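Coordinate inspection notes
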Amino acid sequence: MVTSSNFQSTTAPMDSSATTTGRPAPKASAAAPAPGIGRTLIDIDHVDFYYGAKQALFDVNVKLEEKRVTAFIGPSGCGKSTLLRCLNRMNDLIDGTAIRKGSIKIRDVDIYGRDVDPIELRKRVGMVFQKSNPFPKSIYENIAYGLRIQGRNKKSDLDEVVEKSLRGAALWDEVKDRLHESGLGLSGGQQQRLCIARTIAVSPEVILMDEPCSALDPIATAKVEELIHELKKEFTIIIVTHSMQQAARCSDKTAFFYMGQLIEYDDTKKIFMNPSNPQTEAYVSGRFG
Amino acid sequence: MSSANSDTAPASPGTFLIQKERTRFFGLTLDECIKTFFGGNAVVAVVVLGLITLFLFREGADFFGQNRESLRVYRQAGLEYVDIMRETERDHTALTRYLFDIRLQALKALTADGLSVAEANAKLAAFDDFSYAYGDAVLNVRGLVSDLTEAASAIKTKANVADDRRIERDQYLAAGMTAEAAAVTVEDVDFATEVKAITGTLPFYKDELTNFGTELERVVTELPVLPVPEVQPRLERFRQLTRQYVAGFPDNVERLENWDQFAPVPLSRSFTSFIFGTQWLTASFWQDWYGVVPLFVGSLMVSTIALFIAVPLGVGAAVYVNQIASPREQRFIKPFIEFISAIPSVVLGFFGIAMLGTALRAMSQWEAMSWVPGFPFAERLNALTAGCLLAVIAVPTIFTLAEDAINNVPRAFKEASFALGASRLQTILRIIVPASLSGIVSAVLLGLGRVIGETMVVLLCAGNRIAIPDFTEGLAAFMQPVHTMTGIIAQEMGEVVRGSIHYRALFVVGLLLFFIALTINFLAQKIVRKYRISVG
């Protein structure tokens, strides 16, 4: 959280010059042990996004940091999931979607660039969905799938990755005796952790989580949140959540969206204790949303 | 509200009024009437299905008794005995055919070397002498079998006439016309004495057989030398086959000696002669055979061809429409394919005769297509033509049901797969199709059910030859005309005498079809239920 104060929030979408001038140099002051921590990884630069004729994101401008957990919060329909799905180009699957202005860069590469293969992008930017969606295959095959589609079919290789991923998702001890049973036989929370394990098996850099706990009970939620804490040592995590407690508990940085605009982006602590924008304050204190 | 209630709590103007007089018809409220109406419809459907099944069984069941009777007469009138003798002659004919085949091969080789046909024939003169001698050797045996055939069929005719008379007399008696009944003379056939005339020829047959054997041995000791050396080994093989054949004569004689005219025919024999019988021969002067195998094989072959074509087309189209096509394409393709099922099958059959059969045959005669097994073929109407048209009928069924199954795969699977970096093709092949496989399999099964029950197209286009295709020719068997179970019912039902064995045999074929269709539908439902994906 060393670099947190370097970020300024955009209080109004039109006021983009303020953000541009306040660009930080986060690397300079980074003194954290893990390499690259806190460095800008994803640069979302003044993005306007459209579903057909309908504009869903208005001049969103934010830099997301490496090996941190960033939470996107905001009321339903505010564009947080849309932005998340822009980051691995899942929106490509929907007809008529387009970024009409601005760019998104990961490690300085424009992910909507002409030469970018969305398939390669999605291998580097994994995603966990709101509803756990294991494939109707065995637990083992669910995790091996990401490797098999890359042509990695060697048994020893797969065995190793499956175990490592399941351990990484804190699921190994629960399922190690039934790896070849269907993934659909697991409980809701286990299924969601299986999906996380499946995602980390292809060793992405970024994991996008789209309300990963909204369908889970409190105990399962606590396990996933604990897992997020562990995962941020290795991955950059961006999580969309409706639960402000969850954002407060497990994120380092929080971005508040409203009506397709980024209202405020800052340290989680600051957002929840002392937000600079009155709308943010109203939302986090539960007065609207 | 009960009166007891109003006792304890005195009724006030604002009392709790929930009772209402309802209109009743025949003592039933409107709700109950509606329930009865719908329930009644369901019952009618079930009852009708039950009646159909019962009717099929009732009409078909007698077949096995009648067939057993027919087989009994076949044995007692000595027809079976003569057929055992005939085997000798038949096997000889098969060997002669082998000889013709050798000659054809030699002739082809010679003409390929640049000789004219006349020259080639001249070169084969020695071979021809040999083959004439071989063919003539059978004449005496053939003559004897031919005489006995007539004798046996005369006995059978006599027995049939006696049966008819007996029925006539019984009918008179039943009608109370005793005088007329007495006028009908029934000449009972004494099978034992009558057949003596046939079995009595055994010593003579034995002699003939011995002579025949020696003659064949003599003929094959001196094999002609063919002008084409590469065919010579086949001739050697032929000699071997002939020796085996002659060595089998004692067996044949032994079977004749042990033949028991009055051995009982078990009912199971009647059953097996239907299920495993390889001949469907009706209105024959000799013996009628009702063996379902040629028809079953025919049905199976056209269905196989149909599925072979329709499964890739139907499933492929379903995958495309559901997963790849743009909404505009979807709106165009879906109704178009579903429209195919609106074409009456007789129109399709007509198209098959007028267009497809001719086109396929013309195509088979192209030089460029000669690598295809069975090409070129001469029969315009054959299993292939019928199968191609049946595929057209099966495609809409398979397409619609498979598309449905694919559509039922949750979108979440697709998204998860893409999010892991899978391409569209990988997602389809590894996630979508496996997840909907049970639905696709049942779609294919229901397509099969549709195809195997289809009548008009096969009747018009399958060629209607009641014979098991020659599978020794490999895939070329599929270019031969066949007859099917549905086709034979449609073709023959109009011409048979009601209640006759032939009539009942057709019903049993119908029953068999019914059970096949039932099994297929049952399996399809079971597969869907068992493997339906539970979306967690």
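Structure shown above.
Residues numbered from 1 in each chain as written. Chains lettered and ligands numbered in written order. Predicted model: local features only at pLDDT ≥ 70, side-chain atom pairs only at ≥ 80, totals over all residues. Heavy atoms only, no water.

Below, the discussion takes up the interface of chain B and chain A. Taken together, the contact pairs 22 residues of chain B with 28 residues of chain A. The junction of chain B with chain A conceals about 2,000 Å² of combined surface from both sides, 64% of it contributed by carbon and sulfur atoms. Among the residues of chain B in contact with chain A, Ala419, Leu420 and Arg430 of chain B are the three that bury the most area, contributing 31% of the side total. A salt bridge links Arg85 of chain A to Glu415 of chain B; the nearest nitrogen and oxygen atoms lie 3.1 Å apart. (Contact = heavy atoms within 4.5 Å. Buried area = accessible area lost by both parts, 1.4 Å probe. Salt bridge = Lys/Arg side-chain N within 4 Å of Asp/Glu carboxyl O.)

This part is about the packing of aromatic side chains. Evaluation of the coordinates by the stated rule reveals 28 aromatic pairs over all chains. Members of the aromatic cluster, joined through ring pairs, are Phe63, Phe64, Phe271, Phe274, Trp280 and Tyr290 of chain B. One residue, Lys253 of chain A, lies across the ring of Tyr265 of chain A, its end atom 5.3 Å from the ring centre. (Phe/Tyr/Trp six-rings, centres within 6.5 Å; stacked < 30°, edge-to-face > 60°. Lys NZ or Arg CZ within 6 Å of the ring centre and 35° of its normal.)

All names here are of chain A. The final tally for this structure, using the stated rule, is 43 salt bridges over all chains. Between Arg68 and Glu65 there is a salt bridge, and its shortest N-O distance comes to 2.8 Å. Classification of Arg68 by relative accessible area gives buried; the value is 6%. Among the ionic pairs, Lys253 bridges to Glu65, the shortest N-O distance being 3.5 Å. Pair noted here: Lys253 is in strand E9 (residues 253–258) and Glu65 is in strand E2 (residues 54–65), with a separation of 188 residues, a long-range link. You can call Lys253 buried: its relative accessible area is 2%. Counted as one network, the salt bridges with shared partners bring together Arg39, Glu66, Arg107, Arg124 and Glu205. (Buried < 20%, exposed > 50% of the residue type's maximum accessible area, 1.4 Å probe, protein only. Helix = DSSP H or I, 4+ residues; strand = E, 2+ residues; numbered from the N terminus.)

This brings us to the packing of helix H5 (residues 139–148) of chain A against helix H6 (residues 155–168) of chain A. Residue and element names in this part refer to chain A. One way to put it is that H5 packs onto H6 with a least axis distance of 9 Å and a crossing angle of 115°. As far as their axial angle goes, H6 and H5 are roughly perpendicular. Our pair here, H5 against H6, has a crossing hand that is right-handed. Taking contact as the criterion, the partners of Ile139, Tyr140, Ile143, Ala144, Leu147 and Arg148 in H5 are, on H6, Lys155, Leu158, Asp159, Val161, Val162, Ser165 and Leu166. Counted by class, the contact of H5 with H6 contains 9 nonpolar, 1 polar and 3 charged residues. (Axes fitted to C-alpha atoms, helices over the stretch in contact; angles between N-to-C directions. Parallel < 35°, antiparallel > 145°, perpendicular 65-115°, else oblique. Left-handed = near helix turned anticlockwise from the far one by under 90°. Nonpolar A, V, L, I, M, F, W, Y, C, P; charged D, E, K, R; others polar.)

Taken by themselves, the reported measurements are silent on function.
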